[in-house]
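# Architecture and fold: a report
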Amino acid sequence: MHDYENAEPKDTIEIPIDEIKVNRRMRRTDEERIKDLAESIKNIGLLHNISVALKDGSYVLLSGLHRLEAFKILGRTSITATVRQSNDRIDQLIEVEENLVRSELNAIQTAEHIIKREELLIALGKKAVVGNNQYTEDKITNEDLARQMGYTKRTYQYKRSVANLNPEVKDLLSETKFAENLMDMVKLQKEPDHIQLEVANLLLCGKARTFRRAFVMAQMKFKQDRWTDEIKEVKDKIGIPKSIMKWERKDTELTKICSLVSDSEDTIVNKRTAYFGTNPVRNYQTNPEMSRWFINFFSKEGDLVMDNFAGRGSNLIAAAYEGRRVVGYDLSSTNLDLIRGTCLEHTRIKPEDLTLHHSCGIELAEYESCSDHFDMIINDVPYIFGAEDYKSGDDRDLCKVKNLDEYHKRMEVCLKNMKRLIKPSSWKDRIFNPIVMKVGSGRRNSIGTGLVSMDVELEIIARKVGLTIHDKIFNELRSSFQSFNVGRCIENKYTIKSHECSVVMVKYVKSQDAK
């Protein structure tokens, strides 16, 4: 414990032990140390007197609790003590320590007493001050004070921190039940003054019955609107972006425009027939509203967007419809002619902002010398195992690749080229230029591959070529083709695959963004 040597001694006297008052909760002892002291005192006597202060006719222990306890073990009835002169600081310290013993102190009152105790100890020259060499000066630290009170250092800091509350808030709450909850007060003191005052007023006015409710109400009242105009605009267009989305096929203007290509007799490809050959089932067509969602979420008006597997053009038409500049690739000249005519006639796009290549979307030869060129790349690549044939008649068409290893090789070439051509992204600067690839799954149990999830395969290749997987969005499907698979799925004990996955990849700049 500590001595108060700044106070002048009044007298050194022998005092009956039972007349010495000890604030027990402020005086923690070490039993082993007491035993050692008792043995020493027994052999050589008391080398250092204990210190007491005379207050209201009683002797209050200031220092020497271990020595006092050792005397009790030895059966002594009195002990030599130095009585300190009356001193305002000593008296205040005694009063503070007595008050801290009282269990009825709430969190605010306890904090104020802890701070006052520290201030008095500093004034008496016994407590280390932050910034000084507290270890060489041999003065009491906060850790010592915590130990004396039986607290861990963290608990002491929590109790102490409540003193940081706004003074007015302390006055408002100090006599209320809310000040009894330590952690509520610790939480409140971390907030700015206006939040603290709002919480206190809500509690005192009865507008909130619990601290938690008042805290949330105050936060909501002063919550800053962090939504920029751009964020609000995108939110209005796309709604809430979720990891699992469902886009209904709506009869919108965009859908009608896209149908000019997808429903053309020149582009329709039937997969099989239903109802005994009377109802043809077409190859899958991307929902235009899904295309528009991705275009609006990941790009801005005027951005350059490429689809290197255009097909029947839903992505390209949606991009043109939303005011983007467009580059498209397809191996069908018929598809490209219809897309070009539809975009120019039914969207706002200018001819100079529409570039279509009757060329391979894997090699992208027309941009061989370019890099960091496109703001966004979005595509719907052909399924694995040649699941859907779009009758392009071109051997470069991925629809014709039924070998999985060969498909992977072609896709790696494609991803390398797309990585080179997409503009860099920066997480730090919130710049995102994505490659969005919509994929599904395939199954070939007859050749031992089982289920192949294209998104997983794509992720592996993407990481191999240095792309970062930024996000994955699952789309719930309602394909008419699902009805054909019910019996087969039950027979073979696997589920109907009623979803697709859009894998979003980015090329981060060489900085901490990549970490």
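Residues numbered from 1 in each chain as written. Predicted model: local features only at pLDDT ≥ 70, side-chain atom pairs only at ≥ 80, totals over all residues. Heavy atoms only, no water.

In terms of nonpolar packing, the biggest core is built from 37 residues, with Phe374, Met411, Leu415, Met437 and Met505 touching the most fellow members. For this core, the secondary structure elements donating two or more residues are β9 (304–307), β10 (325–330), α16 (404–421), β13 (435–439), α17 (454–464) and β17 (499–506). Broken down by element, the residue count for this core peaks at seven residues, all from α16. Residues within four places of Met411 in sequence aside, it is in contact with Val381, Leu398, Met437, Leu458 and Ile461. Membership of the second largest hydrophobic core comes to 32 residues, among which are Ile238, Ile257, Met290 and Ile473. (Core = buried A, V, L, I, M, F, W, Y, C linked by side-chain atoms within 4.5 Å. Buried < 20%, exposed > 50% of the residue type's maximum accessible area, 1.4 Å probe, protein only. Helix = DSSP H or I, 4+ residues; strand = E, 2+ residues; numbered from the N terminus. Contact = heavy atoms within 4.5 Å.)

Attention shifts here to the environment of Ile377. Mapping Ile377 onto the fold places it in strand β12 (residues 376–380). The spatial distance from the C-alpha of Ile377 to the C-alpha of Leu421 is 9.0 Å, given a sequence separation of 44 residues. Those residues in contact with Ile377 that lie beyond four places of it in its chain are Met306, Asn308, Met418, Ile422, Pro434, Ile435 and Val436.

Our next topic: the pairing of strand β5 (residues 78–84). Across the seven residues of β5, five count as buried, placing the element largely inside the fold. Pairing geometry for strand β3 (residues 50–55) and β5, over four bridges, is parallel. From the neighbouring strand, Ser51 faces β5, where its bridge partner is Thr82. (Pairing = 2+ DSSP bridges.)

A word on unusual backbone geometry. Positive phi, close to 50°, is recorded for Leu364, a residue that is not glycine. Within the secondary structure, Leu364 sits in the loop between β11 (354–358) and β12. The buried category is assigned to Leu364, whose relative accessible area is 0%.

Looking now at the packing of aromatic side chains. Within the structure shown, the criterion is met by 10 aromatic pairs. Ring geometry for Trp247 and Phe294: centres 5.8 Å apart, planes at 45°, overall tilted. Remark: Phe294 occurs in helix α13 (residues 288–298) and Trp247 occurs in the loop between β6 (244–245) and α12 (253–262); sequence separation between them is 47 residues. With respect to burial, Trp247 and Phe294 carry one shared label: buried. For the pair Trp293 and Phe294, a centre-to-centre distance of 5.0 Å together with 80° between the ring planes defines the contact as edge-to-face. Comparing Trp293 with Phe294 shows no difference in burial state: the two are buried. An aromatic cluster is built from Trp247, Trp293, Phe294, Phe297 and Phe298, whose rings are joined through pairwise contacts. (Phe/Tyr/Trp six-rings, centres within 6.5 Å; stacked < 30°, edge-to-face > 60°.)

It is worth spelling out the sheet that holds strand β16 (residues 468–476) at this point. Sheets are built from strands paired through backbone hydrogen bonds, the pairs being either parallel or antiparallel. Reading across the sheet, the eight strands line up as β6-β16-β17-β13-β12-β9-β10-β11 and stay open at both edges, with mixed pairing between neighbours. Each having just a single partner strand, β6 and β11 make up the two edges of the open sheet. As paired elements, β6 and β16 share two bridges and run parallel to each other. Bridge pairing in β16 links Met245 to Asn475. Across the sheet, α16 is in contact with β12, β13 and β17; its angle to β13 comes to roughly 155°. (Axes fitted to C-alpha atoms, helices over the stretch in contact; angles between N-to-C directions.)

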